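Observations on the model geometry
One letter stands for each residue in the lines below.
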Amino acid sequence: MATDESRESAGDATLLAHLGRNSERQDGLVNTPVTRASTILFPDLKTLRAGAQEYSYGRHATPVTKALQDALAQLEGAHAAFLTSCGLAAVTTAILSAVRAGDHILVADCVYDPTRKFCTEALPGLGVSASFFDPLIGADIAGLITPQTKAVFLESPGSLTFEVSDVAAIADAAHQAGAKVLLDNSWATPLFFKSFRNGVDISVHSVTKYISGHADGMCGAILANEHAAGDVERMRKLIGQNNGADEAYLALRGLRSLEARLSRQAASALEIARWLETRPEVARVLYPALENDPGYRLWQRDFTGAASLFSVVLHPCTEDALARMVDGMRLFSMGYSWGAFESLILPSVPIRSATEWNEAGPLVRIYIGLEDPADLKQDLEAALERLG
Ligand SMILES: *Cc1c(COP(=O)(O)O)cnc(C)c1O
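The sections below set out a description of the structure shown in this document.

Criteria and cut-off values
- Residues numbered from 1 in each chain as written.
- Predicted model: local features only at pLDDT ≥ 70, side-chain atom pairs only at ≥ 80, totals over all residues.
- Heavy atoms only, no water.
- Helix = DSSP H or I, 4+ residues; strand = E, 2+ residues; numbered from the N terminus.
- Rg over C-alpha atoms; globule rule 2.2 N^0.38 Å.
- Buried < 20%, exposed > 50% of the residue type's maximum accessible area, 1.4 Å probe, protein only.
- Areas by Shrake-Rupley, 256 points an atom, 1.4 Å probe, with all protein chains shown as cover.
- Lys, Arg positive; Asp, Glu negative; His and termini not counted.
- Charge placed at Lys NZ, Arg CZ, Asp CG, Glu CD.
- Core = buried A, V, L, I, M, F, W, Y, C linked by side-chain atoms within 4.5 Å.
- Contact = heavy atoms within 4.5 Å.
- Salt bridge = Lys/Arg side-chain N within 4 Å of Asp/Glu carboxyl O.
- Near = heavy atom within 4 Å.
- Polar contact = N/O pair within 3.5 Å; in protein donor to acceptor, adjacent residues only side chain to side chain.
- Nonpolar A, V, L, I, M, F, W, Y, C, P; charged D, E, K, R; others polar.
- Phe/Tyr/Trp six-rings, centres within 6.5 Å; stacked < 30°, edge-to-face > 60°.

Here we take up the overall build of the chain. Each helix and strand counted, the chain has 14 helices and eleven strands in total. Whereas a compact globule of 388 residues would reach a radius of gyration of roughly 21 Å, the chain reaches 21 Å, a difference of no more than 12%. Principal-axis analysis of the C-alpha atoms gives the chain an extent of 75 × 50 × 35 Å. Per-residue burial for the chain yields a buried fraction of 55% across its 388 residues. For the chain, the accessible surface area stands at approximately 16,800 Å², while carbon and sulfur atoms represent 52% of it. Mean positive and mean negative side-chain charge positions of the chain (34 and 47 charges, respectively) differ by 6 Å.

The following block contains the structure:
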């Protein structure tokens, strides 16, 4: 797009088609090519000493990784964006940028399990203590903040149990104590939750999921405001995080259709979630886009859309019955990640330390892909009938 003003007034779907492109510098090519590079040459000693050229080494940036970073930063309203090898590396690099030995980090009890493990198994060895809190705590988080607390890590909604946090209230309390606010925003994507308008300092994404969106590329991104960007950039360089040109190209290609895919998938997800609520085998549907979900009010206040990932809690059943249900599916497959264009189903057990998970029956996470929702419903209906 031509100017910064036309960018600022454009809608997100328009931005998706135009951000991260640099056709004038690329002989008119619409897409930034796959620019594989390790060594990048300097013309003379003066330029090398001054570091005075845009690209200096493949680990730092190439045109296609930079194009993806620029697009993500503008979409979410960040000061800067940094790619990582995967979403988990974005989580861990972002945390390492915000704490050091002697510090304490507060972590939402609903975080993605590898995030929890990094905090409980890697941080103590670095002299950083982590404790968990109820994601519904809101402004009362002030009571858990100590002089050592330098960061608060959120995942809203939690990507397994779907609690929505009051991000702005938590951010206010954290900032009053001088702590940074980090958010795993992978579910909402840069489209549906604008982190930096809600007080977040660092937003991380598993780009692998919705953005790349085709079950092939792995990629992560750390987006930061002006206050946090310097520390993120420094830590990312120190530990050597970036991503390759092929993965960045795939993510940029996925990004172009993000709005179209997500809105279609969200419409199917809402239809299927509403139908699941009426099924006798289902105890609860955990999806903040449903009017009677406890997170609905905050979701409506803070988000402009819902992703297509939600969970159901079934009535208590045997492991055999659960296996009959998920092993006999025609369209839904089982596997890690969330699904991309294809639907996935995944029985899972929430792990808690600050709150209790009291549901009697098993939790099953469902990802609605791009298939015809009537076909998906039929597959789920047969599955629930196999449960007995
Ligand atoms: C998958 C996931 C990650 C990690 O992303 P990878 O790209 O698989 O490393 C981080 N956070 C959440 C919420 C995720 O679902």
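Moving on from the coordinates now.
As a further point, take the nonpolar core. Judged by nonpolar contacts, the single largest core of 120 residues is most densely connected at Ile 95, Trp 187, Leu 276, Tyr 287, Phe 310 and Ile 366. Ile 366 has contacts with Leu 276, Ser 308, Leu 309, Phe 310, Val 312, Phe 332, Leu 344, Ile 345 and Leu 380, leaving out every residue within four places of it along the chain.

Moving on, we get to the pattern of salt bridges. For the structure on display, the rule yields 17 salt bridges. Note that Asp 103 is salt-bridged to Lys 150, the shortest N-O span being 3.6 Å. With Asp 103 in the loop between helix H5 (87–98) and strand E2 (104–108) and Lys 150 in strand E4 (residues 149–155), the pair connects residues that are 47 residues apart, well separated along the chain. Overall, Lys 150 belongs to the partly exposed group, its relative accessible area being 31%. Glu 281 is the partner of Arg 279 in a salt bridge, and the nearest nitrogen-oxygen pair spans 2.8 Å. The same class applies to Arg 279 as to Glu 281, namely buried. In this structure, a network of salt bridges that share partners links the residues Arg 25, Glu 54, Lys 66 and Asp 70.

In the vicinity of the ligand, the residues found are Cys 86, Gly 87, Leu 88, Tyr 112, Glu 155, Ser 159, Asp 184, Ser 206, Thr 208, Lys 209, Met 218 and Trp 338. Measuring from an oxygen atom of the ligand, one finds a backbone N or O atom of Gly 87 at 2.8 Å. Within the side chain of Asp 184, a nitrogen or oxygen atom sits 2.6 Å from a nitrogen atom of the ligand. Its residues assigned to classes, the shell around the ligand comprises five nonpolar, four polar and three charged.

A few words now on the packing of aromatic side chains. Two descriptors summarise a pair of aromatic rings, namely the distance from one centre to the other and the angle between the planes of the rings. Overall, the coordinates contain six aromatic pairs when judged by the stated rule. Aromatic pair Trp 187 and Phe 303: ring centres 6.0 Å apart, planes at 75 degrees, arrangement edge-to-face. A residue pair is termed long-range when its members are at least 10 positions apart, and Trp 187 in the loop between strand E5 (180–184) and helix H8 (189–192) and Phe 303 in the loop between helix H12 (296–302) and strand E9 (309–314) qualify at 116 residues. Overall, Trp 187 belongs to the buried group, its relative accessible area being 2%. Using a relative accessible area of 7% as the deciding quantity, one classes Phe 303 as buried.

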